[in-house]
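# Structure assessment
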Amino acid sequence: MRILLVEDDAVLHDVMLRSLTEAGHRVDLARSVAEAQHFWRVQSFDAVLLDLNLPLDNTPGSAQSSAPGSGLTALRAARARGDRTPVLVLTARDRTEERIAGLDAGADDYLGKPFDLAEVEARLRALARRAQGADDHVCVGALALDRRARRFTAQGQPLELPAREFEVLWELMTPPGRVVSKRQLAEKLSDFDELLGDNALEAFISRLRKKLADSGAGIRTLRGLGYMLEAQ
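### Description of the overall build of the protein chain
- Assigned secondary structure in the protein chain consists of 8 helices and 13 strands.
- Each of the 232 residues in the protein chain was classed as buried or not, and the buried ones make up 50%.
- Of the contacts made within the protein chain by residues no fewer than 6 positions apart, 56% connect residues no fewer than 24 positions apart.

Here you go:
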């Protein structure tokens, strides 16, 4: 998944970045309300991990660099423009009224600090499944995906893929049978300082097609629209 982590505590966000990255996710970090709003507007995410107690703006020299803010500001702005990205609020503010305020602002789930990183990942998977209406196990032909274990198999054998090929196939298969545009795939695979070009994306698709040759599943190109994974 591509995840937006909104957290200003350096120790905590370093631990979470390492844990989520090792689990195979792509994570972008925002340390203030202003950064969160900017990233959330310009990039599509599968889920957002949102702290509530944040500075308004951490830009050096900003008059608001030390002013207190709330992650709910970014959440309300996203929901107001129709963004339905699943949001898991992570905060030390665990009083009932604050949980209610977060849920009323549009949060999908709430977890108080301190928390277990394994539980964070489990809740993220549950939110993503709920948003996509997908099961833990997805099959196309003899190609299967175990979402919980983050593992592909073809003809019952493990299908080992490099990280970016894995992400392309994951996106095409959750759920399968839908058209995924080049722009959507590029956004999933790109960093803010690195834009994935069409040639690189087509190279990933080409390599995947070869690896799926005996799986009973194939990637079809719909000219001008994008790609679709389907049974063959």
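### Some thoughts on the nonpolar core
- Ranked by size, the top nonpolar core spans 26 residues in total, and within it Leu143, Phe152, Val168, Leu169 and Leu229 carry the most contacts.
- Listed by contribution, the elements that provide at least two residues to this core are β8 (137-140), β9 (143-146), α6 (163-172), α7 (182-189), α8 (198-211), β12 (217-222) and β13 (226-231).
- Take this core: its biggest share by element is 5 residues, from α6.
- What Leu169 contacts, discounting residues up to four positions off in sequence, is Leu143, Phe152, Leu159, Leu161, Leu208, Leu212 and Leu229.
- Core analysis: the next-biggest nonpolar cluster, separate from the first, contains 21 residues, Val33, Leu72, Val87 and Tyr110 among them.

### Describing the sheet that holds strand β2 (residues 26-30)
- If you trace the 5 strands from one edge of the open sheet to the other, you get β2-β1-β3-β6-β7, paired in parallel fashion. Pairing within the sheet leaves two strands with one partner each, and these edge strands are β2 and β7 (109-112). The average angle at which neighbouring strand axes cross in this sheet is 20 degrees, direction not considered.
- Inspection of the sheet shows strand β1 (residues 2-6) paired to strand β3 (residues 47-50) by 4 bridges, in the parallel sense. Looking at the pairing, Ile3 lines up with Ala47 of β3.
- Those strands touched by helix α1 (residues 10-22) are β1, β2, β3 and β6 (87-91), and its axis lies near 165 degrees from that of β2.

### Here we look at the packing of α6 against α8
- The N-to-C vectors of α6 and α8 enclose an angle of 80 degrees; their axes lie 10 Å apart at closest approach. On the basis of their axis angle, the class for α6 and α8 is roughly perpendicular. On α8, the residues touching Arg164, Glu165, Val168, Leu169 and Leu172 of α6 are Leu201, Phe204, Ile205, Arg207, Leu208 and Lys211.

### A closer look at unusual backbone geometry
- Along the chain, Lys113 connects to Pro114 via a cis peptide bond; the corresponding omega equals -5 degrees.
- With respect to the element layout, Pro114 can be found in the loop between β7 and α5 (117-132).
- Positioned with a positive phi, Gln155 is a non-glycine residue whose angle comes to about 55 degrees.
- As for its placement among the helices and strands, Gln155 is situated in the loop between β10 (151-154) and β11 (157-158).

### Topic: empty space enclosed by the protein
- By the definition in use, this model includes 2 cavities of 30 Å³ or more.
- Of the voids in this model, the largest cavity is the one considered here, and its volume is about 140 Å³.
- Lining the largest cavity are 15 residues, and of these Met1, Arg2, Asp46, Trp170 and Glu171 sit closest to its centre.
- Those elements that provide at least two residues to the lining of the largest cavity are α5 and α6.

### Some details on the sheet that holds β8
- Taken in spatial order, the 4 strands make up an open sheet running β8-β9-β10-β11, and their pairing is antiparallel. Since the sheet does not close on itself, it has two edges, and those belong to β8 and β11, each with one partner.

### Section: the pattern of salt bridges
- Per the counting criterion, the structure on display carries 13 salt bridges.
- Note that Asp109 and Arg123 form a salt bridge whose closest N and O atoms lie 2.9 Å from each other. Placement of Asp109 in strand β7 and of Arg123 in helix α5 is noted, with a sequence separation of 14 residues between them.
- In this structure, the salt-bridge partner of Arg178 is Glu171, at a minimum N-O distance of 3.1 Å.
- Each of Glu7, Asp51 and Lys113 takes part in one network of salt bridges that share partners.

### So, the packing of aromatic side chains
- For the structure on display, the rule yields 2 aromatic pairs.
- On the numbers, 5.1 Å between centres and 70 degrees between planes, the contact of Phe152 with Phe166 is edge-to-face. Here Phe152 is found in strand β10, whereas its partner Phe166 is found in helix α6, with 14 residues between them in sequence. The pair Phe152 / Phe166 is uniform in exposure class, with both members buried.
- Through successive ring pairs, a cluster of aromatic residues spans Phe152, Phe166 and Trp170.
- Sitting over the ring of Trp170, Arg150 keeps its end group 4.7 Å from the ring centre.

About the criteria used
Residues numbered from 1 in each chain as written. Predicted model: local features only at pLDDT ≥ 70, side-chain atom pairs only at ≥ 80, totals over all residues. Heavy atoms only, no water. Helix = DSSP H or I, 4+ residues; strand = E, 2+ residues; numbered from the N terminus. Buried < 20%, exposed > 50% of the residue type's maximum accessible area, 1.4 Å probe, protein only. Contact = heavy atoms within 4.5 Å. Core = buried A, V, L, I, M, F, W, Y, C linked by side-chain atoms within 4.5 Å. Pairing = 2+ DSSP bridges. Axes fitted to C-alpha atoms, helices over the stretch in contact; angles between N-to-C directions. Parallel < 35°, antiparallel > 145°, perpendicular 65-115°, else oblique. 1 Å grid on protein atoms, 1.4 Å probe; cavity = no way out; pocket = protein on both sides within 12 Å on 5 of 7 lines; lining within 4 Å. Points joined across faces, edges and corners; volume = space filled by probe spheres on them. Salt bridge = Lys/Arg side-chain N within 4 Å of Asp/Glu carboxyl O. Phe/Tyr/Trp six-rings, centres within 6.5 Å; stacked < 30°, edge-to-face > 60°. Lys NZ or Arg CZ within 6 Å of the ring centre and 35° of its normal.

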